[in-house]
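Structure at a glance
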Amino acid sequence: MISEGAVNAIYHGEIVSTTPNTPKNHTAFNYREAEPMQGTQAERFLVLHMETVNGKARSSEEIKASMAQTYTMPMDFNDMIDRIERYNGANGIIFSPESLLVKRIETLVNALQDHRIQIKACGSMDEEYYTKILYALDTRVNLWLLECMEHENREDVNDNLIDFGQLITQIALRDFRIDLPPCFKMITTTKKRPAADDNTTSNAAPRTNSKKQKENKVMVRNENQYAPFKLKNNEHYRDTFCGGEKAKKRPMFKSTQICGKWNIQGYCFDNCNMTESHVPHSEYSAEQKVAFGEWMKFCREAGGSK
Ligand SMILES: [Zn+2]
């Protein structure tokens, strides 16, 4: 079972959570065993189905309006494992069963099973313990996905983020500590829906500065992409538009180059060194648009860079 908001988000390609400290969209918290249907649930599922069928042209505002996502905490060891396995099943569909992420999470599940006695002991003393493990997993995967979106070269992506060895060691030594962000606490104390866009400053496990900076970078979306610049269906942004000569030849806007991610992929990050060009395309001059179009043509003709 997965919440309506999450289904919507994933259907529209919103996989990562762009709000620091708040699991959203494709998160382990959203996958759990279905509960018996009660009251209005059946209707809600029906509505969702209709929206999805007719929903291809919905504006981002409408999608945001239906983004409400709530989740419940895992209450025991089996519930936690069950959620991770369902989540990883979805990972297999989204990223392929052979992807690094799926393999790493499979390894994590095996390791958690190996340490089930210690985990259950900790869980009996701390009712949030299973939630904390899930949150630690979720935070790491989300950071890694953001890295995958940010870096132009695959080898720049920090795969250590989804190496769960350290997490397992901490669990095995009973040294695993993490503070849950307030969005979780609100659920348990007041039974209210978490304020999804509440930018909280409370942080999780101790982190180095650089990691913290990465976590706090915010994705920015180009809501009004210029159609001729959009990535084609069969194209891979990194392969087609990145790499040595291509990066050098990008045309200029004011004091920076024109950001390819912003214009071609339709999103970028607030730590980009071309943020000055993260503006509606109407602010580019006709010459700049022509130059950018020609640069795209040059990249396409130059072929894959890898
Ligand atoms: Zn950018």
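What counts, and at which threshold
Residues numbered from 1 in each chain as written. Predicted model: local features only at pLDDT ≥ 70, side-chain atom pairs only at ≥ 80, totals over all residues. Helix = DSSP H or I, 4+ residues; strand = E, 2+ residues; numbered from the N terminus. Buried ≥ 20, exposed ≤ 12 C-beta atoms within 10 Å, placed from the backbone. Contact = placed C-beta atoms within 7 Å. pLDDT = per-residue confidence, 0-100. Core = buried A, V, L, I, M, F, W, Y, C linked by C-beta atoms within 7 Å. Axes fitted to C-alpha atoms, helices over the stretch in contact; angles between N-to-C directions. Parallel < 35°, antiparallel > 145°, perpendicular 65-115°, else oblique. Left-handed = near helix turned anticlockwise from the far one by under 90°. Nonpolar A, V, L, I, M, F, W, Y, C, P; charged D, E, K, R; others polar. Expected span 1.5 Å × (residues − 1). Arc of directions from axis to C-beta.

**Side note on the overall build of the chain**
Across its full length, the chain holds 14 helices and four strands. Expressed as a percentage of the 306 residues in the chain, the buried residues total 26%. Contacts in the chain between residues at least 24 apart in sequence constitute 70% of all its contacts with a sequence separation of at least 6.

**Regarding the confidence of the model for the chain**
Residues at a pLDDT of 70 or more form 73% of the chain, whose mean pLDDT is 78. Per-element averaging of pLDDT across the chain places helix H2 (residues 41–54) at the bottom with 36 and helix H5 (residues 100–114) at the top with 96. Of the regions scoring below 50 in pLDDT, residues 38–60 engages in seven contacts with residues more than four places distant in sequence or in other chains. Considering only residues more than four positions removed or in separate chains, one finds that residues 186–213, a stretch of pLDDT under 50, has 25 contacts.

**A word on unusual backbone geometry**
One non-glycine residue, serine 96, adopts positive backbone phi at about 90°. Along the polypeptide, serine 96 turns up in the loop between helix H4 (77–95) and H5. Within the chain, lysine 254 stands out as a residue other than glycine whose phi angle is a positive 50°. Its place among the elements puts lysine 254 in the loop between strand S2 (252–253) and strand S3 (256–257). The class of lysine 254 is exposed, set by 12 C-beta atoms lying within 10 Å.

**Focus on the nonpolar core**
Judged by nonpolar contacts, the single largest core of 26 residues is most densely connected at Ala28, Ile84, Ile133, Leu134 and Leu137. Only H4, H5 and helix H7 (129–150) provide two or more residues apiece to this core. For this core, the element with the most residues is H7, which contributes ten residues. In terms of nonpolar packing, the next biggest core, distinct from the first, is built from 13 residues, Phe253, Trp262, Phe292 and Met296 among them.

**Examining the packing of H4 against H7**
Interaxial distance between H4 and H7 falls to 10 Å at its minimum, and their mutual angle equals 20°. Accordingly, the angle class assigned to the pair H4 and H7 is roughly parallel. Note that H4 runs across H7; the crossing there is right-handed. Along its contact with H4, which presents Phe77, Asp79, Met80, Arg83 and Ile84, the element H7 presents Tyr130, Ile133, Leu134 and Leu137. Taken together, the residues of the contact of H4 with H7 sort by class into seven nonpolar, no polar and two charged.

**Structural notes on H7**
Helix length check: H7, at 22 residues, gives a terminal C-alpha distance of 32 Å against a target of 32 Å (1.5 Å per residue), a fit within 8%. Taking burial as the measure, the 22 residues of H7 include 16 buried ones, the bulk of the element.

**Considerations on the environment of leucine 145**
Checked against the element boundaries, leucine 145 lands in helix H7. For leucine 145, a count of 20 C-beta atoms within 10 Å translates into the label buried. When the C-alpha atoms of leucine 145 and isoleucine 162 are compared, they prove to be 9.8 Å apart, with 17 residues separating the residues in sequence. Other than its neighbours up to four places away in sequence, leucine 145 contacts Ile15 and Val16.

**With respect to H5**
Spacing of three or four residues puts side chains on the same side of an α-helix, whose turn is 3.6 residues. If you check H5, its first and last C-alpha atoms are 21 Å apart, about what 15 residues at 1.5 Å a residue would give, namely 21 Å. Of the residues making up H5, those classed as buried are Arg104, Ile105, Leu108 and Leu112. The buried residues of H5 occupy an angular sector of 95° when projected down its axis, which confines them to one face. Those residues of H5 that are exposed and aimed more than 90 degrees away from the buried face are Asn110, Gln113 and Asp114.

**So, the environment of isoleucine 264**
Counting through the fold element by element, isoleucine 264 comes out in helix H13 (residues 260–265). Between the alpha carbons of isoleucine 264 and asparagine 222 there is a distance of 9.5 Å; along the sequence they are 42 residues apart. Contact partners of isoleucine 264, with chain neighbours within four places excluded, come to Phe229, Lys230, Leu231, Tyr237 and Phe241.

**Regarding the packing of H4 against H5**
Relative orientation of the contacting elements H4 and H5 amounts to 165°, with a least axis distance of 9 Å. By the angle class used here, H4 and H5 are roughly antiparallel. Judged by the sense of rotation from one axis to the other, the crossing of H4 with H5 is left-handed. Across the interface between the two elements, Ile81, Ile84, Glu85, Asn88, Asn91, Gly92 and Phe95 from H4 touch Leu101, Val102, Ile105, Glu106, Val109 and Leu112 from H5. For the contact of H4 with H5, the residue count by class is eight nonpolar, three polar and two charged.

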